[in-house]
Amino acid sequence: MKIRILGLAIGDLEAGCDFYEHQQPGLGVYFLDTLFSDIEALLLYAGVHAQVFGYFRALSKRFPYAIYYKVNGEDIEIWRVLDCRQNPRRTAEALRG
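Sequence positions are assigned chain by chain, starting from 1 and proceeding in written order. Two thresholds apply to this predicted model, a pLDDT of at least 70 for residue-level local features and 80 or more for giving and counting side-chain atom pairs, whereas whole-chain, interface and lining totals are computed over all residues. Each side-chain value is derived from all of the structure's non-hydrogen atoms; neither hydrogens nor water enter the calculation.

Trainee: Help me understand the overall build of the protein chain, please; the structure alone is not making it clear to me.
Mentor: Along the backbone of the protein chain there are four helices and five strands. Helices and strands appear in the protein chain in the N-to-C order β-α-α-α-β-β-β-β-α. In terms of its C-alpha atoms, the protein chain occupies a principal-axis envelope of roughly 40 × 30 × 20 Å. A simple rule labels every residue: compare its accessible area, found with a 1.4 Å probe on the protein chains alone, to the largest value its type can have, and call it buried under 20%, exposed over 50%, or partly exposed in between. Put simply, the protein chain has 97 residues, and 38% of those count as buried. By the convention used here, residues are in contact when the closest approach between their heavy atoms is within 4.5 Å. Nonlocal contacts in the protein chain, meaning residues at least 24 apart in sequence, comprise 47% of its contacts between residues at least 6 apart. Each accessible area value is a Shrake-Rupley result obtained with a 1.4 Å probe; residue values ignore everything except the protein chains displayed when judging cover. As displayed, the protein chain offers around 6000 Å² of accessible surface, 52% of which is attributable to carbon and sulfur atoms. Neither His nor the chain termini are counted; the positive set is Lys and Arg, and the negative set is Asp and Glu. By convention, the point assigned to a charge is CZ for Arg, NZ for Lys, CD for Glu and CG for Asp. Separation between the mean location of the 11 positive side-chain charges and that of the 12 negative ones in the protein chain comes to 8 Å. The way it works is that DSSP assigns letters per residue, a run of H or I at least four long becomes a helix, a run of E at least two long becomes a strand, and they are numbered from the N terminus.

Trainee: How do you make sense of unusual backbone geometry when you look at a structure like this?
Mentor: In terms of backbone geometry, most residues other than glycine have negative phi values and most peptide bonds are trans. Here Phe-53, not a glycine, exhibits a phi torsion of approximately 55 degrees, which is positive. If you trace the backbone, Phe-53 turns up in the loop between β2 (51-52) and β3 (55-59).

Trainee: Please clarify how the side chain of Asp-12 should be interpreted in this entry.
Mentor: By the secondary structure assignment, Asp-12 is in helix α1 (residues 7-23). Those residues in contact with Asp-12 that sit more than four places away from it in its chain are Arg-80, Val-81 and Leu-82.

Now the structure itself:
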């Protein structure tokens, strides 16, 4: 299997990195390291997570973020990486497109 991170998810990761970097220098890099580690773990655990809004949802271990992904044949496609603290309606809208 291989992991593909789609454009919207890359934008989500960049926005999260910027947010945490403004909170404390270096925290944005730690955020990215953590989320990429969580994404990499999908090579072992893809497909075992609960489905929400038509996507599998893996929760980050250290940050309040959810990784929304689909398994497409041999590919794991990361569609969005969203902050769990936002209004659930906003999450639903982000996942609808």
